[in-house]
Amino acid sequence: MKIQPNVVNSLTGELQFAKREEGDEHHWKKFAMVVAHDLKEPLRNISSCARMLSSTAPENHEERQQLCGWLQSSSTRLDELVQGLLDHARLGGESESINVDLGRLVTEIQEDFRYLIIRTGAQLHVGNLPVIKAGPLGMRIVLSNLIENAIKYGRPGVQVHVDVSAEKVPDGWMLVIEDNGRGMNKQQASALFEPFRRFSKEEDGLGMGMSHVYQIVRKHGGQIKVHSEPGIGSRCEVLIPA
């Protein structure tokens, strides 16, 4: 897939909203703490219900046991993510970088997006991914956003194909997420990392995903570049220093 025309990158000073980052970051730290705190109790209830359903399911009811197991594992991962978000907000970032197995992480992300993948009929092709030194929550947020966007924004009547790969480069690791989706025009690409940016009224969410991705990559000392062409697809390149 050859994608080049509309390119936006994350070098310091090249995005207008970068000047507002300090104030925005303080606001979103407070917001993240409130949201994460308020989610803890509902998550406990979901997890408890999943355990109760599993304990009352007949042993020979394989499908019900499988669904209960999926619900439990998903609620556990979500609880860990919320706790990580809470810690992240309290500390102003992840306290240290640890070994993050990107292959295992992408497998978990695929599991989280199971029904989105089924609903869209998307095909994910995942190459050999390395273990890198990074913040685990940050890497989950970055890859989750990029993979979800690649799946969601396909072209009508065209099966979605998403390639996730990594390449060792002199400065570290280059992570690449490439799709054959609808792509972006020049105006959309130039506003990609701005907070509260949604490109249509039909899109869900607050429009903060790519803004978060940009900030996390920047905090890791890395860079992100997005090559996109309408009707062809997009290619996201994330450089994480070694």
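Residues numbered from 1 in each chain as written. Predicted model: local features only at pLDDT ≥ 70, side-chain atom pairs only at ≥ 80, totals over all residues. Heavy atoms only, no water.

Visitor: Describe the overall build of the protein, listing the residues and the values that go with them.
Guide: Assigned secondary structure in the protein consists of seven helices and eight strands. Split into buried and exposed, the 242 residues of the protein put 40% on the buried side. For the protein, the exposed surface amounts to about 13,700 Å²; the carbon and sulfur share of it is 52%. (Helix = DSSP H or I, 4+ residues; strand = E, 2+ residues; numbered from the N terminus. Buried < 20%, exposed > 50% of the residue type's maximum accessible area, 1.4 Å probe, protein only. Areas by Shrake-Rupley, 256 points an atom, 1.4 Å probe, with all protein chains shown as cover.)

Visitor: For the packing of aromatic side chains, give the residues involved together with the corresponding values.
Guide: Overall, the coordinates contain one aromatic pair when judged by the stated rule. Geometrically, the ring pair formed by Phe193 and Tyr214 is tilted, given 5.7 Å between the ring centres and 35° between the ring planes. Of this pair, Phe193 sits in the loop between helix 6 (186-190) and helix 7 (209-219) while Tyr214 sits in helix 7, and the two are 21 residues apart along the sequence. Owing to a relative accessible area of 0%, Tyr214 belongs among the buried residues under this scheme. Here the guanidinium or amino end of Lys168 rests over the ring plane of Trp173, the centre of that ring lying 5.8 Å away. (Phe/Tyr/Trp six-rings, centres within 6.5 Å; stacked < 30°, edge-to-face > 60°. Lys NZ or Arg CZ within 6 Å of the ring centre and 35° of its normal.)

Visitor: A description of the environment of Gly222 should follow, citing residues and the corresponding values.
Guide: One can find Gly222 in the loop between helix 7 and strand 7 (223-229). Once the C-alpha coordinates of Gly222 and Asp171 are considered, the two residues, 51 residues apart in sequence, prove to be 9.4 Å apart.

Visitor: Which residues make up the pattern of salt bridges, and what are the values?
Guide: Summed over the entire model, instances satisfying the criterion amount to six salt bridges. Of the charged contacts, one joins Arg140 and Glu108 as a salt bridge, the two residues approaching to 2.4 Å between their closest N and O atoms. Residue Arg140 is found in helix 5 (residues 136-152), and its partner Glu108 is found in helix 3 (residues 102-112); the two are separated by 32 residues along the sequence. Given a relative accessible area of 16%, Arg140 falls into the buried group. Of the charged contacts in the structure, one is a salt bridge between Arg140 and Asp112, with a shortest N-O distance of 3.6 Å. Here Arg140 is found in helix 5, whereas its partner Asp112 is found in helix 3, with 28 residues between them in sequence. The structure contains a network of salt bridges with shared partners spanning Arg104, Glu108, Asp112 and Arg140. (Salt bridge = Lys/Arg side-chain N within 4 Å of Asp/Glu carboxyl O.)

Visitor: Summarise the environment of Ser97; cite the residues concerned and give the values.
Guide: Relative to the helices and strands, Ser97 resides in the loop between helix 2 (62-91) and strand 2 (98-101). Sequence separation between Ser97 and His220 is 123 residues, and the spatial gap between their C-alpha atoms is 9.1 Å. Beyond its immediate chain neighbours, meaning those up to four positions away, Ser97 contacts Lys133, Ala134 and Gly135. (Contact = heavy atoms within 4.5 Å.)

Visitor: Tell me about helix 7, and name the residues and values.
Guide: Buried residues of helix 7: Met210, Ser211, Val213, Tyr214, Gln215, Ile216 and Val217, and no others. Directly after helix 7, the chain includes Gly221, whose backbone phi takes a positive value near 80°.

Visitor: Now, about the nonpolar core: what can you tell me, with residues and values included?
Guide: Of all hydrophobic cores here, the largest spans 38 residues; its most connected members are Leu102, Met139, Ile147, Ile151, Val162 and Ile224. Considering each element in turn, this core owes the most residues, seven residues, to helix 5. Those residues within four positions of Ile151 in sequence are excluded, and the remaining contacts are Leu116, Ile117, Thr120, Ala122, Leu124, Val160 and Val162. (Core = buried A, V, L, I, M, F, W, Y, C linked by side-chain atoms within 4.5 Å.)

Visitor: Account for helix 3, with residues named and values stated.
Guide: Among the residues of helix 3, those classed as buried are Leu102, Leu105, Val106 and Ile109. For helix 3, the angular spread of buried residues about the axis comes to 95°, placing them on one side. Looking at the buried residues of helix 3, the elements they touch are strand 2, strand 3 (123-126), strand 4 (131-134), helix 5, strand 5 (161-169) and strand 6 (172-179). Where helix 3 begins, the side chain of Asp101 points an oxygen toward the backbone nitrogen of Gly103, at a separation of 3.0 Å. (Arc of directions from axis to C-beta. Polar contact = N/O pair within 3.5 Å; in protein donor to acceptor, adjacent residues only side chain to side chain.)

Visitor: Run through the packing of helix 5 against helix 7, naming residues and quoting values.
Guide: It is the contact of helix 5 with helix 7, at a shortest axis distance of 9 Å, that shows an interaxial angle of 140°. As summarised for this structure, helix 5 and helix 7 are arranged oblique, according to the angle between their axes. In this structure, the crossing between helix 5 and helix 7 has a hand that is left-handed. Contact residues: Gly138, Ile141, Val142, Asn145, Leu146 and Asn149 in helix 5; Gly209, Met210, Val213, Ile216 and Val217 in helix 7. For the contact of helix 5 with helix 7, the residue count by class is seven nonpolar, four polar and no charged. (Axes fitted to C-alpha atoms, helices over the stretch in contact; angles between N-to-C directions. Parallel < 35°, antiparallel > 145°, perpendicular 65-115°, else oblique. Left-handed = near helix turned anticlockwise from the far one by under 90°. Nonpolar A, V, L, I, M, F, W, Y, C, P; charged D, E, K, R; others polar.)

Visitor: Break down the environment of Met174 for me, citing the residues and quoting the values.
Guide: In this fold, Met174 is placed in strand 6. Taking C-alpha positions, Met174 is 5.5 Å from Val238, a pair spaced 64 residues apart along the chain.

Visitor: Lay out the packing of helix 3 against helix 5 with the relevant residues and their values.
Guide: Contact pair helix 3 / helix 5: the axes reach a minimum separation of 10 Å and the direction vectors enclose 50°. The orientation of helix 3 relative to helix 5 falls into the category oblique. The hand of the helix 3/helix 5 crossing is right-handed. Touching Leu102, Leu105, Val106, Glu108, Ile109 and Asp112 of helix 3 are Met139, Arg140, Leu143, Ser144 and Ile147, all from helix 5. Here the residues of the contact of helix 3 with helix 5 sort into seven nonpolar, one polar and three charged.

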